[in-house]
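In case you want the letters, here they are:
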Amino acid sequence: MGELRHLALIMDGNGRWAAERGLPRSAGHLEGGKAALKAIKGCLKCSVPYLTLYCFSTDNWKRPREEVDYLMGLFSSRLNAEIPRAFDNGIRILHLGSRRGLPEDVLRTIDRAVEVTKTNSRLTVQLAINYGGLDEITRAIERAAASGCTVPDAEALLSHLDNPEVPSPDFIVRSSGEKRLSGFLLLQSSYAELAFYDRLWPDWDESMIETIINDYSLRQRRFGGI
């Protein structure tokens, strides 16, 4: 098994973590944000060059308005606070997902993070905010058509995804024991290895990245061959 180059994480279980402790869901999201920072530190420590974090899906708009508003504020404040640290640690930040519908303050913060960190190359972190796999594919088809490719093949679709320079994930991992992709990286995941861990997302720490890398090293990837 080769090295793990691109790890994609479905960060699930914030609400259940809070409910188990008699806390509001917002407390779970706050702790989930801290866990995301620990995962990033783990990837830096283990020299994983690409990390994608599933932060907010296109379906998450169905949640109560109060929760959505809290999450949007959390994205903006936490990301804004972490931009200097990201720059100093060689982290490049990219946005994965649709800009349509995101609040202006969130878009401004995302744009600032992308601009400030654009020359970094130690670790590329894709933040999947307002992301859905089908939505990304639809937008890729629109971009391909706009460029003159009216019937795009797989290669053309991949080249018109949100961040085509980012390689497809090697390992897609979900926390909290749920066993589904929830629309995550549908085109890019065709040959990704999958794993599901029972630990709720807010309980994750840097050591989980080491566990993931060890588990990945035991996989045999054949890509349709023998």
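Refer to the preceding data block for the structure.
Residues numbered from 1 in each chain as written. Predicted model: local features only at pLDDT ≥ 70, side-chain atom pairs only at ≥ 80, totals over all residues. Heavy atoms only, no water.

**Focus on the packing of helix 3 (residues 65-88) against helix 4 (residues 104-116)**
Here comes step 1: Between helix 3 and helix 4, whose axes approach to 9 Å, the crossing angle comes to 15 degrees. Classified by the angle between their axes, helix 3 and helix 4 sit roughly parallel to one another. When the axes of helix 3 and helix 4 are compared, the crossing they make is left-handed. Contacts between helix 3 and helix 4 involve Met 72, Ser 76, Leu 79, Asn 80, Ile 83 and Phe 87 from the former and Asp 105, Val 106, Thr 109, Ile 110, Arg 112, Ala 113 and Val 116 from the latter. (Axes fitted to C-alpha atoms, helices over the stretch in contact; angles between N-to-C directions. Helix = DSSP H or I, 4+ residues; strand = E, 2+ residues; numbered from the N terminus. Parallel < 35°, antiparallel > 145°, perpendicular 65-115°, else oblique. Left-handed = near helix turned anticlockwise from the far one by under 90°. Contact = heavy atoms within 4.5 Å.)

**Quick look at the pairing of strand 6 (residues 193-196)**
Here comes step 1: Burial along strand 6 is one-sided: the residues Glu 193 and Ala 195 are buried and none of Leu 194 and Phe 196 is.
Here comes step 2: One ladder, built from four bridges, connects strand 5 (residues 171-174) with strand 6; its direction is parallel. Along strand 6, the bridge assignment pairs Phe 171 with Glu 193. (Buried < 20%, exposed > 50% of the residue type's maximum accessible area, 1.4 Å probe, protein only. Pairing = 2+ DSSP bridges.)

**Let's talk about helix 3**
Here comes step 1: Given a rise of 1.5 Å per residue, 24 residues ought to cover 34 Å, and the 35 Å separating the end C-alpha atoms of helix 3 matches this to within 8%.
Here comes step 2: The sharpest bend along helix 3 reaches about 40 degrees and sits at Glu 82, with the proline Pro 84 one to four residues further on.
Here comes step 3: Among the residues of helix 3, those classed as buried are Glu 67, Val 68, Leu 71, Met 72, Leu 74, Phe 75, Ser 76, Leu 79, Glu 82, Ile 83 and Ala 86.
Here comes step 4: Where helix 3 is buried, its residues meet helix 2 (25-45), strand 2 (50-57), strand 3 (91-96), helix 4 and strand 4 (123-131).
Here comes step 5: Trailing helix 3 by a residue or two, Gly 90 shows a phi angle of about 75 degrees, which is positive. (Expected span 1.5 Å × (residues − 1). Bend = angle between axes of the 7 residues up to and from the residue.)

**Topic: the packing of helix 2 against helix 3**
Here comes step 1: Between helix 2 and helix 3, whose axes approach to 11 Å, the crossing angle comes to 30 degrees. Here helix 2 lies roughly parallel to helix 3, going by the angle between them. By crossing handedness, the relation of helix 2 to helix 3 is classed as right-handed. Here Arg 25, Ser 26, His 29, Leu 30, Gly 33, Lys 34 and Leu 37 of helix 2 come into contact with helix 3, specifically with Glu 67, Tyr 70, Leu 71, Leu 74, Arg 78 and Glu 82.

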